[in-house]
Amino acid sequence: MAGRKSSPARPKQRPRAQRKLVVLVATRKGAWLLHGDAARNSWRVDGPHFLGHIISHLVLDPRDGRTLLAAAKTGHLGPTVFRSTDMGRNWKEAARPPAFAKAPQGEKGRSVDHTFWLTPAHANEPNVWYAGTSPQGLFRSEDGGVTWSPFSSINDDMKYREWMGTVQDGTPDGPKMHSIIVDPRDPKHLYFGMSGGGVHESVDGGNTWTPLLKGMEVVEGFDASTPTFHDPHCVRMCPSNPDRLYQQNHCGIYRIDRPSTEWVRVGRSMPKRVGDVGFPMVVHPRDDNTVWVLPMNGTTVWPRTSPEGKPAVYATRNAGKTWQRQDAGLPASQAWWTVKRQAMTGDAQDPVGLYFGTTSGELWMSRDEGRKWSCIARNLPEIYAVETAGI
Amino acid sequence: MKVLIPGALRSYTESSEAEAAGATLGEVLVDLDRRYTGIRFRMVDEQDRIRRHIRIFVNGGQVRELSQPLAITDEVVIVQALSGG
């Protein structure tokens, strides 16, 4: 890592005053907003928005508390981004959605199939957003999501193009650029993940990038020094300690403590019969030793369902040394769920509320950091992403 | 010329028919986008390729190239080729 200094882990912080919560649910057939009370006991369902649109991500800007961006497409129309500044009462389409640069005459250029990931930028950069797409590309908006510009340092870089592979090399519905992370101490310090293609870091606002792969494992028989073979599923930075990141990878659960450049596979301490494969990763907003994962079956042909049909969240309170199973309230058997990488999140309340959505359209929550779970919505379309925001 | 708009794109035009001008199909779609901002990118990608599930017919015949010349009397029909569930 170039240039960043380590800072010690901060003590646990007190949560901000409790506000009303909204849970933002993006699905394969539209978006829903679930408005909760401060106690998170009752929920008012608002939706569908964009019925029939594939919504990959729905994010509220925490800097102004009112700008919502939705990454959208339909099965037969091209991708776009919709924005609302009144919590979804009115939506307006981006004037220039994320799109790759036009290829020179005679060359075959890429086209964005869908915008997959949205990240609001640093608190001191109002209206700046980042977007990751499929096929993989990185984009930036400086006007609140109205117009988007490509990062040539990634999108047109031949080395990165080789590492990210082609459409055929990626996940079944296209390779993803995801987990775009902005260091709260420095707007120029960025990370992102590529499925496949590894984790990468920039300390100059995205002009140059460095792979951050050491310690990450790859599928047996492949060369771990080649970014192409790495498949991070979800990377999260701890808000209480931005030097600590956790990662759910195709090949295990990892933690890194900067300025170290080596990931440590903390998933080795998960129960062997469950394993440490999954999609999402959730970090505690005030305690950098606490994270949650939702393991899936990554054996044989990779069913990617709950191991043994018994879904459970696993939590660590000691940075991955040990893990505790949290399944109270979840089905005890015959629940073959898949929870995608963006479909699990937490809120900022105390105790932390946790939320996840399944590909079978159920939205589950815990008001007590995973000790007990309840289903707060069902019969939705396949859930792609779940985010929370205080309003 | 007259351009027939599929249901999926009527959120832009608020009508099943729109007027647009141009000497080629590409020019007509650019003019359509000038009148209904954003509609072209839903049909044509950033490499000027007609998207996979969009079909465009001129006077009943399918057209695949944006360079296709058009006459002012031609009728353009845009169709969404639905697939999957």
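Parameters at a glance
- Residues numbered from 1 in each chain as written.
- Chains lettered and ligands numbered in written order.
- Predicted model: local features only at pLDDT ≥ 70, side-chain atom pairs only at ≥ 80, totals over all residues.
- Helix = DSSP H or I, 4+ residues; strand = E, 2+ residues; numbered from the N terminus.
- Rg over C-alpha atoms; globule rule 2.2 N^0.38 Å.
- Buried ≥ 20, exposed ≤ 12 C-beta atoms within 10 Å, placed from the backbone.
- Contact = placed C-beta atoms within 7 Å.
- Nonpolar A, V, L, I, M, F, W, Y, C, P; charged D, E, K, R; others polar.
- Core = buried A, V, L, I, M, F, W, Y, C linked by C-beta atoms within 7 Å.
- Pairing = 2+ DSSP bridges.
- pLDDT = per-residue confidence, 0-100.

### Comments concerning the overall build of chain A
From N to C terminus, chain A includes two helices and 28 strands. In terms of C-alpha radius of gyration, chain A reaches 19 Å, essentially the compact-globule figure of 21 Å for 391 residues. Expressed along its principal axes, the backbone C-alpha trace of chain A runs to roughly 60 × 50 × 45 Å. Going through the 391 residues of chain A one by one, you find that 52% of them count as buried. Partitioning the intrachain contacts of chain A with sequence separation of at least 6 by distance along the chain shows that 50% fall at a separation of at least 24.

### Considering the overall build of chain B
The helix and strand tally for chain B stands at three helices and five strands. Helices and strands appear in chain B in the N-to-C order β-α-β-α-α-β-β-β. Taking all 85 residues of chain B together, 26% fall into the buried category. Pairs at least 24 apart in sequence give 47% of the contacts found in chain B among residues at least 6 apart.

### Regarding the interface of chain A and chain B
The interface of chain A with chain B comprises 15 residues on the first partner and 18 residues on the second. Its residues assigned to classes, the side of chain A that touches chain B comprises six nonpolar, seven polar and two charged.

### Focus: the nonpolar core
With 96 residues, the main nonpolar core has Leu24, Val25, Ile55, Leu58, Ala70 and Val386 of chain A as its most contacted residues. At six residues, the largest contribution of residues to this core is made by strand β1 (residues 21-27) of chain A. Within the second largest apolar cluster, 20 residues are counted, among which are Ala18, Leu32, Ile56 and Leu70 of chain B.

### Brief notes about the sheet that holds strand β4 (residues 54-60) of chain A
All names here are of chain A. Judged by pairing direction, the sheet is antiparallel, and its four strands sit side by side in the order β4-β5-β6-β7 without closing on themselves. On the outer flanks of this sheet lie β4 and β7 (92-93), each paired with one strand and no other. The pairing of β4 with strand β5 (residues 68-73) spans six bridges and is antiparallel. In the sheet register, Leu60 faces β5, and the bridge partner there is Leu68.

### Quick word on the confidence of the model for chain A
Predicted confidence across chain A gives a mean pLDDT of 93, with 94% of residues reaching 70 or more. Counting contacts from residues 1-11 of chain A, a segment whose pLDDT is below 50, to residues more than four positions away or on other chains yields 19 contacts.

### Description of the environment of Thr27 of chain A
All names here are of chain A. By the secondary structure assignment, Thr27 is in strand β1. Taking the C-alpha atoms as reference points, Thr27 and Pro381, 354 residues apart in sequence, are found 5.8 Å from one another. Discounting chain neighbours no more than four positions away, the residues touching Thr27 are Ile55, Leu380, Pro381, Glu382, Ile383 and Tyr384.

### Side note on the sheet that holds strand β11 (residues 149-150) of chain A
Residues and elements named next belong to chain A. An order of β8-β9-β10-β11 is seen for the four strands of this open sheet, with the pairing classed as antiparallel. Bordering the open sheet on either side are β8 (114-120) and β11, each of which pairs with just one other strand. Taken together, the two bridges between strand β10 (residues 137-141) and β11 define a ladder with antiparallel strand orientation. Residue Arg140 lies in a different strand from β11, and its bridge partner there is Ser149.

### Looking at the pairing of strand β25 (residues 354-357) of chain A
Residues and elements named next belong to chain A. Alternating residues of β25 divide into Leu354 and Phe356 and Tyr355 and Gly357, and every residue in both groups is buried. Examined bridge by bridge, strand β24 (residues 344-346) and β25 share three bridges and lie antiparallel to one another. Each residue of the ladder has a partner; that of Thr345, found in β25, is Tyr355. Linking β25 back to strand β26 (residues 363-366) in an antiparallel pair, the connection comprises five residues, with Gly361 at a positive phi of about 85°.

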